[in-house]
Amino acid sequence: MSSSGLLWSCASQESKPALLLLRKALVWPHPGAGQAFMLLWVSVLVLAPVSGKSEAAAKPVISLHPPWTVVFTGETVTLTCHVLHFHAPEKIKRFLWYLEGRILRETPGNTLEVRDSGQYRCQTQDSLPSDHVSLIFSSANLILQAPPFVFEGDSVVLRCRANAEITLDTMTLHRWGKVLSVSDESSDFRIEQASLKDNGDYHCSGFKNGCCSYSSNMINIEVQELFPRPVLTASLSPTVSGKSVTLTCKTQLPPLRSDVKLWFRFFKDDHMLQLGLESSLKISTLTTRSRDPPYYWCEAQRGSSGVCKQSQKSQLRVQIPVSRPVLTLSPHGAPVPEGHTVTLTCKAESGSFPILYQFLREEVVIQKMEPTRGMKSVMSLRAEHSGNYYCTADNGLGAQRSLPVYLAVTVPVSRPVLTLSPRGALVPEGHTVTLSCKAERGSPRILYKFYHENISLGSRSVLSAGGMSLRVTVTVQDSGNYFCTADNGFGPQRSEAKSLSVKVPVSRPVLTVRTPRAQVVEGEVVELYCGAWKGSPPILYRFYHEDNALGSSRVYSRRGASFKLPLSAEHSGKYACEADNGLGARRSETVSLDVKVPASRPVLTVRTPRAQAVEGDVVELRCEAQRGSPPILYRFYREDVPLESSSAPSGGGTSFYLSLTTEHSGNYSCEADNGLGAQRSEVVPLSVIVPASHPTLTLRAPGAQAKVGDMVELRCEAQRGSPPIWYWFYHEDVPLGNSSAPSGGGASLNLSLTAEHSGNYSCEADNGLGARRSEAVPLSMSGLTRSRSGPIATGVTGGLFSTLGFGVVALLLYCRLPRKAGGRPTSDPSRSPADSDVREPVYHNAPAWLELQPVYSNVNPKGGEVVYSEVRRIPQGSKPAANSDSVLGLLRTHLPSHGQAASHRPSDPPGSSVIYSQVKVACPSAYVAPQS
């Protein structure tokens, strides 16, 4: 083909010529050999880069439908896992899908629909995982869509897409932030014939007239190489007429572009040899010799005007492989003594130059020589130089190896070394000692001999360099000096002497604990004595407490060793000792030591169910000694009188429970005793509080009968109860006052009686443990006036009228004159203004009338000022005893309509009759003065 073919070549991609060496099996007449022929091995040396990874072919590839890496949220993308052709489809049983490195799903088919963002991979059961494909499901208003992979020469579509709710008037494509293209008709932007210059970060923007603008996501586009630069290779192929060379233009398409068709062109110098889809070319047999061999190269192109790449230019030459070299040694024959010099010569009779020679001993390279026609190596021999020697010759067409030549170097024996095993000068009696004699240098055969104090023990001849050993079971008589000799014909060599001392191992020691008394008590000093009856000195004795080392002592005689130990509670446990004279330590049997600790001063604790100890409570007396060996006997005391004793077998404390009475108040203590001396606790006082009992209320009047104006003492007293006690006084459940009894006993309240003071009285006692109320005591008062003469009592009717008249006068006088009986003025400054109009009735005892025994009680009171509406007479035969209780039982005062008591009517005494009908009052209330 003419040189016009260059117009369609990748002329812009100039490459430096490379050399392809063709190794060819040719028949070449050997000069001087007549009809003999020499065989030349033919091969090819290719000088060109090789691209791609071998494992890449085993990866499947993921494709997308639709072919975008960014879609709107809610849409679906179908992933397809493409398996390369060398995986038989019928052998693929499952596809594994990964999302973000974790297994997402396993499918029988090679497709998967997805709706989630992330990095996806696929894999079959016999393939590597594919490269990841990143998907983004976006909720933005505007997105830029691009294919996941872009290769050289691709026509790339970039789609600027708005969501369904937005209509844009203008769309703009940007690269690296600069405007690349503007469109108001289509949302697709095209990149024709993509190349590396189209790499970059792309995004698009959209504008809606009169409204607003939007910006999309950023997409990085990296244009990948469609195929690597081709490599031209050459190989021989037999033909009918002889030999020919096949030139192959090798490159590789990526799996995602395996459907792309490549055109190949072959060139020789400036002429095109072939154009087509075939990637190989056969050329005729090469000439054997050529001063100026031609250059060959090839080109690969996508289609007729796509990506085009050119291989390196190479020359093909014919070379002759090297022949098998010959190794010679000088001098040769007999063994060579150590220190002499030997010359090694390696030479190949034929082969193209340059030739590289190597010398080897026992497969180890000992020297490499620069390329030359023939090679010599001179070396000074040492003992380790004995062995088989080789040489190799290589001119790049295959290394050739010579036959082996053995070289023997003779070395005189060195001074041997004697070792004893086990190591060390001391050996236990009855043990076996191994004597080893070895000369580090010396040619075999070597004769070894062993000696004890110049007495031969044995000998042996060895053929290797491993040395010789002798085993001896030793007794005490075998102690002494040992040595050995080695001889390989150049004269015996003697080792240094080794001393061996046979020792008697120690027997099992006996540990004795020497104590000052039968029981071992904390604070005392005990002596631990350890002795072994047999063993070569010196002997090292060690003392142990629970396997923890206490101390050691070395003894140079047959006596034992002692260790003194001041005892504490922690020293209880098992003790042992150990004896060691270097031939093995022996341990004694264990000896137990129980260190008794005297009981410490105990602590007595009184535990009550509440803050105060109350009669009837159950209290716990807890006695505990913080230290002391069990068992501990505890005794409890009250005022030094024993109460109870209890034992704590395992230590700790013990308790004693006491149900409290008043007699249990006092000082308590306890005692702890574990047989090493009793210890008494400090005294703990206990005060038992007695709740106040139901109090008794007593009313004390100055006369036999209470009347208005009398000073009545209300006495409240609880018979039992711990002081202080508070007393409260009540009249018809209305508090009158309170008083305290700090030292116990009762308390009093003085009351100056008025008409309103009739009613029920009670009191309460409380010492903080609950208030207790007395029974109610009623109080009623007599209203008798003074009599004009004693004999009036002879007539019942006259007496009644006289009483009525005198009572009216007495009431009037009493309300206007100062009181004589109580010494209180008619005007009381303690009275409130609201009570200034009230009149206080006053009653005086008339001795002549006492026999009438009038009883006053309200009879159906209606008006607020009525105090008495009935006066009854009790016959003298029914007269009660003249004491305070009887009088108070007859004098019942009922206040008019001021409290609950006004609604009650006392029962009528039997045999009584009404002698008074009504009395109205307008007097002040009585003054109440509490006293204790």
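Source: prediction; values computed, not measured.

Enquirer: Looking at this structure, how should I read the overall build of the protein?
Expert: Along the backbone of the protein there are two helices and 83 strands. When burial is assessed residue by residue, the protein has 42% of its 932 residues classed as buried. About 49000 Å² of surface is accessible on the protein, with carbon and sulfur atoms providing 51% of the total.

Enquirer: Help me out: how do you make sense of the side chain of E764 in this one?
Expert: As for its position among the elements, E764 is in strand 75 (residues 759-766). Excluding residues that lie within four positions of it along the chain, E764 makes contacts with P695, C716, W726, Y727, W728, Y730, A771, R772 and R773.

Enquirer: Any chance you could explain the sheet that holds strand 12 (residues 133-138) here in plain terms?
Expert: Two orientations exist for strands paired in a sheet by backbone hydrogen bonds: parallel and antiparallel. Read across the sheet, five strands follow the order 6-12-11-8-9 without closing on themselves; strand pairing throughout is mixed. Strands at the two margins of the open sheet, each flanked by one partner only, are strand 6 (70-72) and strand 9 (102-107). Ignoring strand direction, the axes of neighbouring strands in this sheet form an average angle of 30°. Bridging between strand 8 (residues 95-99) and strand 9 involves five bridges; their strand directions are antiparallel.

Enquirer: Where do I start with a nonpolar patch on the surface in this structure?
Expert: Judged by side-chain polarity, W263, L275 and L277 come together as a nonpolar surface patch covering roughly 260 Å² of accessible area. Among the residues examined, L275 registers a relative accessible area of 37% and is labelled partly exposed.

Enquirer: Got a minute to help me understand the pairing of strand 35 (residues 364-369) in this structure?
Expert: Across a regular strand the side chains alternate sides, sitting on one face of the sheet and then on the other. As judged from the five bridges shared by strand 34 (residues 356-361) and strand 35, these two strands associate in the antiparallel manner. Counterpart to R361 in the pairing with strand 35 is V364. In sequence, strand 34 turns back onto strand 35 through a hairpin of two residues, with E362 there showing a positive phi of about 50°.

Enquirer: Please explain the confidence of the model for the protein as it appears in this structure.
Expert: Note: predicted coordinates in regions of low pLDDT should not be interpreted at a detailed level. Per-residue pLDDT for the protein averages 77, and the proportion of residues at 70 or more is 74%. The secondary-structure element of the protein with the lowest mean pLDDT is strand 3 (residues 37-39), recorded at 30, while strand 6 shows the highest, at 95. The low-confidence segment residues 1-7 (pLDDT under 50) makes 11 contacts with residues lying over four places distant or belonging to another chain.

Enquirer: Explain the sheet that holds strand 5 (residues 61-65) to me, please; I cannot follow it from the model alone.
Expert: The strand order across the open sheet formed by three strands is 5-7-10, and the pairing between neighbours is antiparallel. Lying at the two open borders of the sheet, with one neighbouring strand each, are strand 5 and strand 10 (111-114). Pairs of neighbouring strands in the sheet enclose a mean axial angle of 25°, with direction left out of account. Bridge count between strand 7 (residues 77-82) and strand 10: four bridges; the pairing is antiparallel. In the strand pairing of strand 10, T80 is matched with T111.

Enquirer: Any chance you could explain the packing of aromatic side chains here in plain terms?
Expert: Note on aromatic pairs: each is described by the distance of the centres and the angle between the planes. Scanning the entire structure with this criterion turns up five aromatic pairs. Seen in terms of ring centroids, Y451 and F483 are 4.8 Å apart; in terms of plane orientation they differ by 10°. Their pairing is stacked. With Y451 in strand 44 (residues 446-452) and F483 in strand 47 (residues 480-487), this residue pair connects regions lying 32 residues apart in the sequence. An identical accessibility class is assigned to Y451 and F483; each is buried.

Enquirer: Just checking my understanding: could you explain unusual backbone geometry for this structure?
Expert: Both trends apply: most residues other than glycine have a negative phi, and most peptide bonds are in trans. Here the amide bond leading from P444 into R445 is cis, since omega sits at 10°, within 30 degrees of zero. Tracing the sequence through the fold places R445 in the loop between strand 43 (432-438) and strand 44. In this model, P723 is joined to P724 through a cis peptide bond whose omega is -5°. Within the secondary structure, P724 sits in the loop between strand 71 (711-717) and strand 72 (725-731).

Enquirer: Got a minute to help me understand the state of the cysteines in this structure?
Expert: In protein chemistry, a disulfide is the covalent bond that joins the sulfur atoms of two cysteines. On inspection of all chains with the given rule, the structure shows eight disulfides. Disulfide pairing is shown between C437 and C484; the S-S distance is 2.0 Å. Taking the sign of the S-S torsion, 75° for the link of C437 and C484, the bridge is right-handed. Taken together, the positions of C437 in strand 43 and C484 in strand 47 put the pair 47 residues apart, joining distant regions of the chain. Of the two residues examined, C437 and C484, each falls in the buried class.

Enquirer: Where do I start with the environment of F151 in this structure?
Expert: Looking at the element boundaries, F151 is found in strand 14 (residues 150-151). Residue classification places F151 among the buried residues on the basis of a relative accessible area of 3%. Note: C-alpha distance between F151 and E222 (71 residues apart in sequence) is 8.4 Å. Non-local contacts of F151, meaning those with residues more than four positions away in its chain, are made with A194, V223, Q224, E225, L226, P254, L256 and R257.

Enquirer: What am I meant to see in the side chain of D617 here?
Expert: For D617, the location among the structural elements is in the loop between strand 61 (613-614) and strand 62 (618-624). A polar contact of 3.0 Å, which involves the side chain of D617, links it to the side chain of R610. Excluding residues that lie within four positions of it along the chain, D617 makes contacts with P609, R610, Q612, L658, S659 and L660.

Enquirer: When you look at the environment of F656 in this model, what are you seeing that I'm missing?
Expert: Among the secondary structure elements, F656 is positioned in strand 65 (residues 654-659). Once the C-alpha coordinates of F656 and Y634 are considered, the two residues, 22 residues apart in sequence, prove to be 9.8 Å apart. Once you skip the residues sitting within four places of it in the chain, F656 turns out to touch V619, E620, L621, F636, L643 and E644.

Enquirer: I tried to follow the pattern of salt bridges on my own but got confused; where do I start?
Expert: Side chains that carry opposite charge are capable of pairing whenever their charged atoms lie near each other. Summed over the entire model, instances satisfying the criterion amount to 27 salt bridges. K309 serves as the salt-bridge partner of E152, at 3.2 Å between the closest nitrogen and oxygen. Separated by 157 residues along the polypeptide, E152 in the loop between strand 14 and strand 15 (156-162) and K309 in strand 29 (residues 308-310) bring together distant segments of the chain. Each member of the pair, E152 together with K309, is buried. Across the pair E620 and R607 runs a salt bridge whose closest N-O atoms are separated by 3.5 Å. Here R607 lies in strand 60 (residues 603-607) and E620 lies in strand 62, a separation of 13 residues in the sequence. The class for E620 is buried, based on a relative accessible area of 13%.

Enquirer: Explain the environment of T124 to me, please; I cannot follow it from the model alone.
Expert: For T124, the location among the structural elements is in strand 11 (residues 118-124). Those residues in contact with T124 that lie beyond four places of it in its chain are V83, I92, R94 and F95. Of the polar contacts made by the side chain of T124, one reaches the side chain of D126; its length is 3.1 Å. Separated by 2.8 Å, the side chains of T124 and S127 make a polar contact.

Cut-offs applied
Residues numbered from 1 in each chain as written. Predicted model: local features only at pLDDT ≥ 70, side-chain atom pairs only at ≥ 80, totals over all residues. Heavy atoms only, no water. Helix = DSSP H or I, 4+ residues; strand = E, 2+ residues; numbered from the N terminus. Buried < 20%, exposed > 50% of the residue type's maximum accessible area, 1.4 Å probe, protein only. Areas by Shrake-Rupley, 256 points an atom, 1.4 Å probe, with all protein chains shown as cover. Contact = heavy atoms within 4.5 Å. Pairing = 2+ DSSP bridges. Axes fitted to C-alpha atoms, helices over the stretch in contact; angles between N-to-C directions. Patch = residues over 30% accessible without salt bridge, like charges linked within 9 Å, V, L, I, M, F, W, Y side chains within 5 Å. Salt bridge = Lys/Arg side-chain N within 4 Å of Asp/Glu carboxyl O. pLDDT = per-residue confidence, 0-100. Phe/Tyr/Trp six-rings, centres within 6.5 Å; stacked < 30°, edge-to-face > 60°. Disulfide = S-S within 2.5 Å. Polar contact = N/O pair within 3.5 Å; in protein donor to acceptor, adjacent residues only side chain to side chain.

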